[in-house]
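For reference, the chains in residue letters:
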Amino acid sequence: MRRLRACLGAAAAVGLAAAGTTALVAGSASGATSALANRWYAAAPYLMPLDNDPPDPAAIMDATGLKAFQLAFVLAPNGGGCSPTWGGTAAVSSDTAVQSVVNTIRAKGGDVSVSIGGYGGTKLGQVCSDAAATAAAYQQVITKYGLHAIDFDLEEPEYENTAAIKNEIGAAKILQQNNPGLYVSVTTAGTADGTGWFGKQMLLEAKSQGFTPNNFSIMPFDGGFNGAASQTGALTNFNQILQSTFGWDQATAYAHEGFSGMNGRSDTGEFFTQTDFQTVLDYATSHNMDRFTFWSLNRDRQCTPADNGGRTSGTCSSVAQNSWDFAKYSVKFAGATPPSSTPTPTPTPPGTGCKPAWSSTAVYTAGNEVSYNNHNWKAKWWTQNETPVASDWGVWQDEGAC
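Please read these numbers as outputs of a predicted model, since none were measured by experiment.

Here's the deal with the overall build of the protein chain
No. 1: Assigned secondary structure in the protein chain consists of 12 helices and 17 strands.
No. 2: Within the protein chain, the fraction of its 402 residues that count as buried is 55%.
No. 3: Within the protein chain, contacts between residues separated by at least 24 positions form 71% of all contacts whose residues are at least 6 apart in sequence.
No. 4: In the form shown here, the protein chain has an accessible surface area of approximately 15000 Å², with 52% of it arising from carbon and sulfur atoms.

Have a look at this one:
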């Protein structure tokens with residue numbers, strides 16, 4: 001997804017890697033900075049900078065010590081074409097809004113990675129002609145934001161498309177080669193057995209192309225999971241899959257393995273609390289895993305009392321918490337210590353005035369806002385007679401209580 005021709009030659013890159021130093025990616029007019037240590041990119045939680053009531057990253061950094069953010073998601077244009085957009089609607093080439101977020105984070109000594117794909121939407125690997133064209137589109141993102149890290153989030157429906165996955169893996173390999181020092185993660189669905197058939201096929205595609213990212217991460221949620229024990233079990237099983245696929249020993253497999261969780265109530269009604277996160281964090285660090293992240297910072301705050309536990313939201317966790325509780329586990333994984341004291345008042349998600357009431361007979365297009373069931377909602381695309389429901393893949397985006 002992002003590609004930047006670096007000034008460092010292959011020999012220099014090898015030397016830096018041998019010394020355990022993150023290579024620097026060439027600067028750009030957009031304000032590229034020196035890279036953070038890879039551990040920060042490995043710990044970066046997901047943040048939607050344009051949707052789901054984006055929180056202030058500067059406030060999160062002050063409260064937790066977090067330095068890195070995983071910005072989501074870059075997709076193909078909703079109207080078709082092989083060019084990068086934010087969420088299918090906002091062209092990267094003309095973006096100023098996300099650039100402002102990036103500038104805010106970097107001004108405080110932090111940095112960002114960008115995630116491509118996600119659940120739903122049209123991915124560039126599905127529409128670009130081949131791996132080279134896919135990589136060229138992602139290179140625009142790298143160059144635009146001066147990136148040092150990128151995440152390929154390969155899941156439904158794209159990872160069921162053999163040609164699309166071939167394009168994505170091929171693009172990831174090209175970006176890795178053309179951008180020495182670029183931190184590359186590949187994230188896919190998790191199951192109790194580690195990952196499913198399509199996830200295993202994706203790993204085989206990577207093996208056939210001779211591509212090894214910094215890590216392959218699984219998402220052990222939305223699959224009948226029940227707390228941390230089920231997640232660590234899935235991570236153990238996934239480690240065995242990595243061993244058998246790539247011929248690695250256990251330690252090498254863990255060094256290329258990552259965890260991507262979901263804080264609070266998942267889409268399918270599973271619950272993951274702060275205690276669960278601590279258990280998985282202990283597992284990840286004790287096994288020297290490469291990555292620990294979660295979806296998402298937009299959800300890392302408490303819902304209103306009436307909503308706690310009753311639904312899954314894009315803007316709050318549905319569990320009892322202080323703001324940014326879950327971000328602190330990412331900070332710990334990076335090897336830093338969160339501040340000892342943080343604000344304790346129970347936060348209420350922003351959102352006061354209700355938009356016009358939703359109507360089953362009205363036609364709504366992308367960006368139209370309505371209110372329903374004491375929440376504001378924004379349409380992602382054309383719709384009629386589709387009741388607003390909280391879902392990452394549905395037509396309506398929950399903008400919080402009103």
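Read on, since the account is not over.
Some words on unusual backbone geometry
Trans peptide bonds make up the majority, and among non-glycine residues the majority have a negative phi.
No. 1: Between Ala72 and the following residue, Phe73, the backbone shows a cis peptide bond with an omega angle of -10 degrees.
No. 2: Locating Phe73 in the fold gives a position in strand 2 (residues 68-75).
No. 3: Geometrically, the link from Trp295 to Ser296 is a cis peptide bond, its omega value of 0 degrees lying close to zero.
No. 4: Relative to the helices and strands, Ser296 is located in the loop between strand 12 (291-295) and helix 12 (327-333).

Things to note about the confidence of the model for the protein chain
No. 1: Summarising the model, the protein chain shows a mean pLDDT of 87, and 87% of its residues fall at 70 or more.
No. 2: Scored below 50 in pLDDT, residues 1-30 makes 88 contacts in the model with residues more than four places away or belonging to other chains.
No. 3: The low-confidence segment residues 342-352, where pLDDT is below 50, has 23 contacts with residues more than four positions distant or belonging to other chains.

As for the sheet that holds strand 14 (residues 369-372)
No. 1: Reading across the sheet, the 3 strands line up as 14-15-17 and stay open at both edges, with antiparallel pairing between neighbours. Only two strands of the sheet have a single neighbouring strand rather than two, namely strand 14 and strand 17 (396-401). With strand direction ignored, the average angle separating the axes of adjacent strands in the sheet is 30 degrees.
No. 2: Sheet analysis places strand 15 (residues 375-379) next to strand 17, joined by 4 bridges and oriented antiparallel. Residue pairing in the sheet places Lys378 in a bridge with Gln397 of strand 17.

Regarding the packing of aromatic side chains
No. 1: A complete count under the given rule lists 18 aromatic pairs for this structure.
No. 2: Ring-pair connections join several aromatic residues into one group, and the members of that group are Phe259, Phe277, Phe292, Phe294, Phe326, Tyr329 and Phe333.
No. 3: Above the face of the Phe333 ring, Arg39 is positioned so that its terminal group lies 3.7 Å from the ring centre.

Here we look at the nonpolar core
No. 1: Ranked by internal contacts, the top residues of the largest apolar core, which has 93 residues, are Phe69, Leu71, Phe152, Phe216 and Phe292.
No. 2: Looking at this core element by element, the count peaks at 7 residues for helix 9 (residues 228-246).
No. 3: Discounting residues that sit within four places of it in the chain, Phe216 has contacts with Val186, Met202, Leu203, Ala206, Phe211, Phe238, Leu242, Phe246, Trp248, His256, Glu257 and Gly258.
No. 4: The next biggest cluster of nonpolar side chains, apart from the first, holds 7 residues, and it includes Val370, Trp377, Ala379 and Trp396.

Observations regarding the state of the cysteines
No. 1: As enumerated under the stated definition, the model contains 2 disulfides in all.
No. 2: One disulfide bridge connects Cys82 with Cys128, the sulfur atoms lying 2.0 Å from each other. Because the torsion about its S-S bond is 100 degrees, the bridge between Cys82 and Cys128 counts as right-handed. On the criterion of sequence distance, the pair formed by Cys82 in the loop between strand 2 and strand 3 (85-86) and Cys128 in the loop between helix 5 (124-127) and helix 6 (131-145) is long-range, its members being 46 residues apart.
No. 3: For Cys82, a relative accessible area of 30% translates into the label partly exposed.
No. 4: Between the sulfur atoms of Cys303 and its disulfide partner Cys316 the distance amounts to 2.1 Å. Negative torsions about the S-S bond denote left-handed disulfides, and the value of about 95 degrees found for Cys303 with Cys316 makes this one right-handed. Here Cys316 lies in the loop between strand 12 and helix 12 and Cys303 lies in the loop between strand 12 and helix 12, a separation of 13 residues in the sequence.

Description of the packing of helix 9 against helix 11 (residues 274-286)
No. 1: In the contact formed by helix 9 and helix 11, the axes pass within 9 Å of each other and the chain directions differ by 25 degrees. The orientation of helix 9 with respect to helix 11, classified from their angle, is roughly parallel. The chirality of how helix 9 crosses helix 11 is right-handed. Within the contact between the two elements, helix 9 uses Ala228, Gln231, Thr232, Leu235 and Thr236 and helix 11 uses Asp276, Thr279, Val280 and Tyr283.
No. 2: In terms of residue class, the contact of helix 9 with helix 11 is built from 4 nonpolar, 4 polar and 1 charged.

Describing the pattern of salt bridges
No. 1: Applying the stated criterion across every chain yields a total of 6 salt bridges.
No. 2: The closest approach of N and O atoms between Asp151 and Arg291, which form a salt bridge, is 3.7 Å. One end of the pair, Asp151, is in strand 6 (residues 149-153); the other, Arg291, is in strand 12, and 140 residues separate them in sequence. One exposure class covers both Asp151 and Arg291, and it is buried.

Cut-off values and rules
- Residues numbered from 1 in each chain as written.
- Predicted model: local features only at pLDDT ≥ 70, side-chain atom pairs only at ≥ 80, totals over all residues.
- Heavy atoms only, no water.
- Helix = DSSP H or I, 4+ residues; strand = E, 2+ residues; numbered from the N terminus.
- Buried < 20%, exposed > 50% of the residue type's maximum accessible area, 1.4 Å probe, protein only.
- Contact = heavy atoms within 4.5 Å.
- Areas by Shrake-Rupley, 256 points an atom, 1.4 Å probe, with all protein chains shown as cover.
- pLDDT = per-residue confidence, 0-100.
- Pairing = 2+ DSSP bridges.
- Axes fitted to C-alpha atoms, helices over the stretch in contact; angles between N-to-C directions.
- Phe/Tyr/Trp six-rings, centres within 6.5 Å; stacked < 30°, edge-to-face > 60°.
- Lys NZ or Arg CZ within 6 Å of the ring centre and 35° of its normal.
- Core = buried A, V, L, I, M, F, W, Y, C linked by side-chain atoms within 4.5 Å.
- Disulfide = S-S within 2.5 Å.
- Parallel < 35°, antiparallel > 145°, perpendicular 65-115°, else oblique.
- Left-handed = near helix turned anticlockwise from the far one by under 90°.
- Nonpolar A, V, L, I, M, F, W, Y, C, P; charged D, E, K, R; others polar.
- Salt bridge = Lys/Arg side-chain N within 4 Å of Asp/Glu carboxyl O.

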